[in-house]
Amino acid sequence: MRTQVCIIGGGPSGLLLSQLLHRSGIDTVVLEARSRAYVAGRIRAGLLEWGSVETLRAAGVGARMDRDGIPDDGVVLASQHGDFRIDIKALTGKRMMIYGQTEITADLFSARDAMNGVIIDEVEGVRPHGLDTGAPHVTYSKGGTSYRIDCDWVIGCDGYHGVSRTCIPSDTLKTFERIYPFGWLGVLSETPPVSRKIVYANHPRGFALCSLRNEMLSRYYVQVPADDAVVGWSDDAFWDELRRRLPDSLSDGIVTGPSIEKSIAPLRSFVAEPMRWGRLCLAGDAAHIVPPTGAKGLNLAISDVSYLHDALVAHFGGDDAGIDGYSARALNRVWKAIRFSWWFTSTMHRFPDQNDFDQRIQDSELAYLEASAAAQTVLAEQYVGLPY
Ligand code: RFL
Ligand code: PHB
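Residues numbered from 1 in each chain as written. Chains lettered and ligands numbered in written order. Predicted model: local features only at pLDDT ≥ 70, side-chain atom pairs only at ≥ 80, totals over all residues. Heavy atoms only, no water.

### Re the sheet that holds strand β9 (residues 124-129)
The sheet built from three strands is open, its strands ordered β9-β10-β11 with antiparallel pairing. Of all the strands in the sheet, just β9 and β11 (145-150) have a single pairing partner and so form its edges. Each neighbouring strand pair of the sheet contributes to a mean axis angle of 15 degrees, computed without reference to strand direction. In terms of strand pairing, strand β10 (residues 137-142) meets β11 through six bridges, oriented antiparallel. If you follow H137 over to β11, its bridge partner there is D150. (Pairing = 2+ DSSP bridges. Helix = DSSP H or I, 4+ residues; strand = E, 2+ residues; numbered from the N terminus. Axes fitted to C-alpha atoms, helices over the stretch in contact; angles between N-to-C directions.)

Have a look at this one:
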């Protein structure tokens, strides 16, 4: 088989890139290791920056998002000393959108199917070759048969555990990592959310987050030790812990119910440089991971894909400036989000070695944010998403 762009990984990055390129007349094949049902069922991100909203619209997958998504114009920060709202819309002129990654993936699958996009799932042993030549190819097997795809470009959208990044020679690849000594225990529950605004709470027992998907679907998280197991957390234990970490004004309003999904995500910051080597480009979680505080992961994946789309369209039109500059352009935005997510994580979580001094520093950071329009603007312009 021959295609112009072979995309490894059919998560949100890979599906969106394939959709955008197809609409620009560029041919792609997506190779995905898991089944389509598995990819569609993963419950993850929920908060879109405005740039992501516009990119999804440009990809022709905005209709359901615009109908069912919840425009969001503020964020609440809470602590033992009370809570306050940062008016993102007033400070930046822009809003966010609450719309789950599960829905985005479903929209992208429908759009790809409607255009007869080629997504080959349940593939094994994907391996790129000849990335340092002008004519790379990718081999894989499916159902016991081996296949080869010849292409012009290979794009690694295969997440943190994918194969693409490992193809960059070790003397070229540089990685940066911080592993946080805790994770997030997340619960999805068919209950009315306690707040229409997303609430980030700092508490001596640990961080808590209140989010939502719609009027009858709540998404909550509590910080847990990195080695905690989900089986050790009954629903009752989760709700008790969540309530303890919220101010009374919120905890009194929590409506509990059975969890329909419960999982623990470890927190890490990770960047791989460069994001292009020869005929390989990386996008999304294949190149970088942020802790979920600030909700930047999927949004960074979408900005990478938007840059790559523009660069590949220009390349096939005879202009290589975009593809030559892709890595530097993407990393510039990535590092700013890495820094913001690290700062927000450090300000809101309880670290195992944290002492009273550290707690006072966090309290004082929140007090400063509550009182200072300048500090709120700094948070707001990053939270709503830096320009592309
Ligand atoms: P994905 O989603 O990991 O998809 C990669 C795909 O590649 C496939 N794959 C392979 N395919 C072929 N061959 C191989 N060798 C392969 N190896 C892997 C995998 O099966 C998979 O289908 O990466 P992508 O597309 O870059 O998307 C990234 C986002 O999924 C991720 O950044 C977000 O979910 C992060 N995130 C959030 N981001 C936000 O912007 N806002 C949020 O509110 C938000 N909340 C979250 C989050 C992530 C979380 N977890 C679980 C880590 C909340 C949580 C709890
Ligand atoms: C979510 O709704 O899942 C969510 C919201 C905000 C975050 C992380 C996750 O910072």
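### Notes on the sheet that holds strand β20 (residues 288-289)
Across the sheet, which stays open at both edges, the eight strands sit in the order β6-β5-β14-β15-β16-β13-β17-β20 with mixed pairing between neighbours. Of all strands in the sheet, those bounded by a partner on one side alone are β6 (82-87) and β20. When strand β14 (residues 198-201) meets strand β15 (residues 208-214), the two strands line up antiparallel, connected through three bridges. Directly across from A201, in β15, lies its bridge partner A208. Sheet contacts for helix α12 (residues 373-383): β5 (74-79), β6 and β14; angle to β6, the most-contacted strand, approximately 65 degrees. (Contact = heavy atoms within 4.5 Å.)

### Describing the pattern of salt bridges
With the rule as written, the count across this model stands at 23 salt bridges. Of the charged contacts in the structure, one is a salt bridge between E241 and R205, with a shortest N-O distance of 2.9 Å. Of this pair, E241 sits in helix α7 (residues 235-244) while R205 sits in the loop between β14 and β15; the two residues are 36 residues apart in sequence, bridging distant segments of the chain. We note a salt bridge from R245 to E241, for which the minimum N-O separation is 2.8 Å. Across the pair, E241 and R245 agree in class, each one buried. Connected through shared salt-bridge partners, D72, D73, R85, D87 and K197 make up one network. (Salt bridge = Lys/Arg side-chain N within 4 Å of Asp/Glu carboxyl O. Buried < 20%, exposed > 50% of the residue type's maximum accessible area, 1.4 Å probe, protein only.)

### Describing the nonpolar core
Among the nonpolar cores identified, the biggest contains 66 residues, and L31, L48, I155 and L308 are the most heavily contacted of them. For this core, the element with the highest residue contribution is helix α9 (residues 297-316), accounting for eight residues. Look past the residues within four positions of I155 in its chain and what remains in contact with it is V5, C6, I7, I8, L17, C281, L308 and L312. F182, L209, F344 and A375 belong to the second-largest nonpolar core, a separate cluster that totals 31 residues. (Core = buried A, V, L, I, M, F, W, Y, C linked by side-chain atoms within 4.5 Å.)

### Some words on the site of ligand 2
Neighbouring ligand 2 are the residues R44, G46, W184, Y200, L209, S211, R213, R219, Y221, P292, G294 and A295. Measuring from an oxygen atom of ligand 2, one finds a backbone N or O atom of A295 at 3.3 Å. Protein contacts shield 96% of the accessible area of ligand 2, which totals 280 Å² for the unbound molecule. Elements supplying a minimum of two residues to the shell around ligand 2: β15 and β16 (217-225). When grouped by side-chain class, the residues that make up the shell around ligand 2 number six nonpolar, three polar and three charged. Among the domains, domain 1 (5-72 + 95-177 + 268-343) and domain 2 (181-267 + 349-383) are the pair contributing at least three residues each to the shell around ligand 2. (Near = heavy atom within 4 Å. Polar contact = N/O pair within 3.5 Å; in protein donor to acceptor, adjacent residues only side chain to side chain. Areas by Shrake-Rupley, 256 points an atom, 1.4 Å probe, with all protein chains shown as cover. Nonpolar A, V, L, I, M, F, W, Y, C, P; charged D, E, K, R; others polar. Domains from an automatic or database assignment.)

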